[in-house]
Amino acid sequence: MYTPINQWAEDDRPREKLLLKGKSALSDSELLAILIGSGSRNESAVQLCQRILKSVDNNLNQLGKLTVAQLTPFKGIGEAKAISIVAALELGRRRRAEESTQLKQITSSKSVFEMMQPIIGELPHEEFWVLYLNNSNKVIQKTQVSKGGLTGTLVDIRLVFKTAIEHHAVAAILCHNHPSGKLQASEPDKQITQKLKTAGATLDVQILDHVIVTEHGYFSFQDEGIF
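These notes cover the structure that comes with them.

The rules behind these values
- Residues numbered from 1 in each chain as written.
- Predicted model: local features only at pLDDT ≥ 70, side-chain atom pairs only at ≥ 80, totals over all residues.
- Heavy atoms only, no water.
- Core = buried A, V, L, I, M, F, W, Y, C linked by side-chain atoms within 4.5 Å.
- Buried < 20%, exposed > 50% of the residue type's maximum accessible area, 1.4 Å probe, protein only.
- Helix = DSSP H or I, 4+ residues; strand = E, 2+ residues; numbered from the N terminus.
- Pairing = 2+ DSSP bridges.
- Patch = residues over 30% accessible without salt bridge, like charges linked within 9 Å, V, L, I, M, F, W, Y side chains within 5 Å.
- Areas by Shrake-Rupley, 256 points an atom, 1.4 Å probe, with all protein chains shown as cover.
- Salt bridge = Lys/Arg side-chain N within 4 Å of Asp/Glu carboxyl O.

As a further point, take the nonpolar core. Counting residues in hydrophobic clusters, the biggest one holds 18 residues, and the most contacted among them are Ile-106, Val-112, Met-116, Leu-131 and Ile-173. Elements represented by at least two residues in this core include exactly α7 (109-120), β1 (127-133), β3 (171-177) and β4 (206-213). If you tally residues by element for this core, the top one is α7, at 6 residues. If you look at the next biggest cluster of nonpolar residues, it comprises 17 residues, including Ala-45, Leu-48, Leu-63 and Phe-74.

What follows is the structure in structure tokens.
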């Protein structure tokens with residue numbers, strides 16, 4: 001039988017539980033319940049959030065991809081509650097992105113992935129970014145140079161090196177994402193890499209690698225020996 005949250009034992013209610021036991025003591029559904037505040041006539045906020053999480057296999061990354069329009073069909077989730085969920089998960093994504101910028105020195109393709117995955121790894125469209133480095137391989141600028149569709153994006157070579165010169169970069173690493181999750185370089189990927197390497201050699205800006213990023217992995221031109 002459905003029992004409203006206000007009739008639960010005090011230390012079982014999400015807000016009170018957070019105050020008494022700390023945020024880490026709460027389940028994902030309890031944290032979401034705090035965001036939406038209330039459920040519906042037939043289920044508590046926690047039960048409603050359990051149902052929403054179950055629809056994405058209890059995967060917060062998948063939940064973060066849901067839109068307002070995809071959340072509102074759940075009974076008890078109106079537009080305002082859906083916006084609260086979307087906004088909270090976007091804040092979490094941005095926090096991860098800010099934390100990743102603390103990794104200043106590039107030591108491997110994995111460090112590129114760790115820096116860029118929170119930024120482009122889960123996007124539904126392609127984006128092309130460039131990491132600009134000083135002579136210690138420390139990132140001095142991180143720039144999006146193009147944004148495309150589901151299967152590709154165009155890159156302005158002049159813009160890439162204009163930014164490099166402005167920031168006195170001596171090297172750069174190319175990055176873009178594959179929304180499909182495919183960890184393989186396409187012919188257009190190889191062609192733009194070669195064009196940028198050639199242009200960089202002329203301007204004394206060395207292109208060190210091109211890293212393709214997906215939600216769960218990465219592909220490095222340098223590591224694969226095709227650079």
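Looking now at the pairing of strand β2 (residues 139-147). Judged from the 7 bridges that link them, β1 and β2 form a sheet pairing that is antiparallel. The residue bridging Phe-128 from the neighbouring strand is Ser-146, located in β2. The turn linking β1 back onto β2 is made up of 5 residues, and Asn-137 within it adopts a positive phi angle of 60°.

Before going further, it helps to spend a moment on a nonpolar patch on the surface. Taken together, Leu-18, Leu-19 and Leu-31 make up a surface patch of nonpolar side chains, about 280 Å² in accessible area. By relative accessible area, Leu-18 is classed as partly exposed at 32%.

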